[in-house]
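Chains, contacts and geometry: an overview
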Amino acid sequence: MNLTDRIVVVTGGAGGIGAALSRRFAAEGAAAVVVADLDADAARAVAEGIGPVAHAHAVDVTDEEQVRALVADTEQRYGRIDLFCANAGVTTGGGVEVDDTGWDQAWRVNVLAHVYSARAVLPGMLARGGGHLLHTCSAAGVLTAVGDAAYTATKHASVGFAEWLAITYRDRGIRVSALCPQGVDTPMLADGLADGHLGARVVAASGAVLTPDQVAEAAIAGLAEERFLILPHPEVADYARRRAEDPDGWQAGMRKLVRRLTA
Ligand SMILES: NC(=O)c1ccc[n+]([C@@H]2O[C@H](COP(=O)([O-])OP(=O)(O)OC[C@H]3O[C@@H](n4cnc5c(N)ncnc54)[C@H](O)[C@@H]3O)[C@@H](O)[C@H]2O)c1
């Protein structure tokens, strides 16, 4: 997919990676960019910064009615959605001790919201014979997020769901991409680093911390090639290969890294 004249929706568009994706899609010539986020004021600020091609839409992606309304409103305004980016995501910052409310929120934002948007957007895309779903998962979805059990479990689920969509709908014209960055300089990681959170320190020690614009650049390249797995950090492919070939050896390496960082 190239972005010229495309109608695009980006959830979590008010911050970090979502804002960078929104700006970049507009710069690539999208006809409309819907900056959708729980934080309506921040979404409006991003849309205003982009210009008339963009508008903000307040949405809680964990509420299926609101996701349906986001899709219906966009289709009504522009006649279609070419690219839907399910990008909003949350961390919990903890392990098994995180209470069910925390696990439930991670599940709802990181996984169920992807189901809601696919459910809402697929009928129109299938009727038109094409469309692209870009799901922001994470390197945590193909590796592990040290220090965050629910993030790891739900991001693995999000990669699994994206893969299921890709296999099920590719022959009907639907392209699916799973964007799986490692460390990105957004509040999600920066706040963790500022707090000295182990997970954030492991991420920072495992490779470059990219800017959101670099992630958007990788997303554009991956969309152009209609690639399923988009890895802004190429080293993640090597880590994932090592993990698949030798799970015990890979886990030993991770434990060694954690020991080094906590010594
Ligand atoms: N920052 C990283 O290092 C990193 C690495 C890999 C993957 N990711 C993933 O990238 C995506 C974007 O994260 P980011 O780093 O830009 O984080 P961020 O916290 O800067 O932005 C996340 C955005 O999602 C919005 N959001 C949260 N819950 C929502 C909800 N229920 N409904 C609508 N919007 C909601 C927030 O308001 C915020 O604007 C997430 O899925 C995250 O898991 C981030």
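Residues numbered from 1 in each chain as written. Predicted model: local features only at pLDDT ≥ 70, side-chain atom pairs only at ≥ 80, totals over all residues. Heavy atoms only, no water.

Brief notes about a positive patch on the surface
There is a patch of like positive charges on the surface, built from Arg255, Lys256, Arg259 and Arg260. With respect to the helices and strands, the residue Arg260 is situated in helix H10 (residues 247–262). The class for Arg260 is exposed, based on a relative accessible area of 57%. (Patch = residues over 30% accessible without salt bridge, like charges linked within 9 Å, V, L, I, M, F, W, Y side chains within 5 Å. Areas by Shrake-Rupley, 256 points an atom, 1.4 Å probe, with all protein chains shown as cover. Salt bridge = Lys/Arg side-chain N within 4 Å of Asp/Glu carboxyl O. Lys, Arg positive; Asp, Glu negative; His and termini not counted. Charge placed at Lys NZ, Arg CZ, Asp CG, Glu CD. Helix = DSSP H or I, 4+ residues; strand = E, 2+ residues; numbered from the N terminus. Buried < 20%, exposed > 50% of the residue type's maximum accessible area, 1.4 Å probe, protein only.)

Thoughts on the site of the ligand
The environment of the ligand is formed by 29 residues, the closest being Ile17, Asp37, Tyr151, Gln182 and Thr186. Here an oxygen atom of the ligand sits 2.9 Å away from a polar atom, N or O, in the main chain of Val184. Relative to its free-state accessible area of 830 Å², the ligand is covered by the protein chains to the extent of 90%. For the shell around the ligand, the secondary-structure elements that each account for two or more residues are helix H1 (16–27), helix H5 (149–169) and helix H6 (187–194). Per-element accounting of the shell around the ligand gives the leading share, three residues, to H6. Among the residues forming the shell around the ligand, the class breakdown is 15 nonpolar, eleven polar and three charged. (Near = heavy atom within 4 Å. Polar contact = N/O pair within 3.5 Å; in protein donor to acceptor, adjacent residues only side chain to side chain. Nonpolar A, V, L, I, M, F, W, Y, C, P; charged D, E, K, R; others polar.)

Some thoughts on the pattern of salt bridges
Tallied over the full model, the rule gives 13 salt bridges. Notably, a salt bridge pairs Arg24 with Glu217, separated by 2.6 Å at the nearest N-O pair. Separated by 193 residues along the polypeptide, Arg24 in helix H1 and Glu217 in helix H8 (residues 212–224) bring together distant segments of the chain.

Quick word on the packing of aromatic side chains
For any pair of aromatic rings, the description consists of the separation of the ring centres together with the inter-plane angle of the planes. Inspection of the entire model under this criterion finds two aromatic pairs. Aromatic side chains Phe161 and Trp164 sit 6.4 Å apart centroid to centroid with 10 degrees between the ring planes, which places their arrangement in the stacked category. Residue Phe161 and its partner Trp164 are located together in helix H5, separated by three residues, close to a single helical turn. The buried category is assigned to Phe161, whose relative accessible area is 17%. Since its relative accessible area comes to 47%, Trp164 is described here as partly exposed. Each ring, one from Trp164 and one from Tyr169, has its centre 6.2 Å from the other, and the planes form 80 degrees; the classification is edge-to-face. Owing to a relative accessible area of 15%, Tyr169 belongs among the buried residues under this scheme. Taken together, the ring pairs connect Phe161, Trp164 and Tyr169 into an aromatic cluster. Stacked on the ring of Trp250, the Lys or Arg Arg243 has its end atom at 5.8 Å from the ring centre. (Phe/Tyr/Trp six-rings, centres within 6.5 Å; stacked < 30°, edge-to-face > 60°. Lys NZ or Arg CZ within 6 Å of the ring centre and 35° of its normal.)

Quick notes on the sheet that holds strand E6 (residues 174–179)
Strand pairing in a sheet takes place through backbone hydrogen bonds and is either antiparallel or parallel in direction. Spatially, seven strands are ordered E3-E2-E1-E4-E5-E6-E7 in an open sheet, and the strand pairing comes out parallel. Among the strands making up the open sheet, the edge pair consists of strand E3 (54–58) and strand E7 (229–230). The pairing of strand E2 (residues 32–37) with E3 spans five bridges and is classified as parallel. Each residue of the ladder has a partner; that of Ala36, found in E3, is His57. Docked against the sheet, helix H4 (residues 100–128) engages strand E4 (83–86), strand E5 (131–136) and E6, running at close to 170 degrees with respect to E5. (Pairing = 2+ DSSP bridges. Contact = heavy atoms within 4.5 Å. Axes fitted to C-alpha atoms, helices over the stretch in contact; angles between N-to-C directions.)

Comments concerning empty space enclosed by the protein
Tallying each qualifying case throughout the model produces one cavity of 30 Å³ or more. Of the volumes computed, that of the largest cavity is approximately 40 Å³. Secondary structure elements with two or more residues in the lining of the largest cavity: E4 and H4. Among the elements that line the lining of the largest cavity, the one with the most residues is H4, at four residues. (1 Å grid on protein atoms, 1.4 Å probe; cavity = no way out; pocket = protein on both sides within 12 Å on 5 of 7 lines; lining within 4 Å. Points joined across faces, edges and corners; volume = space filled by probe spheres on them.)

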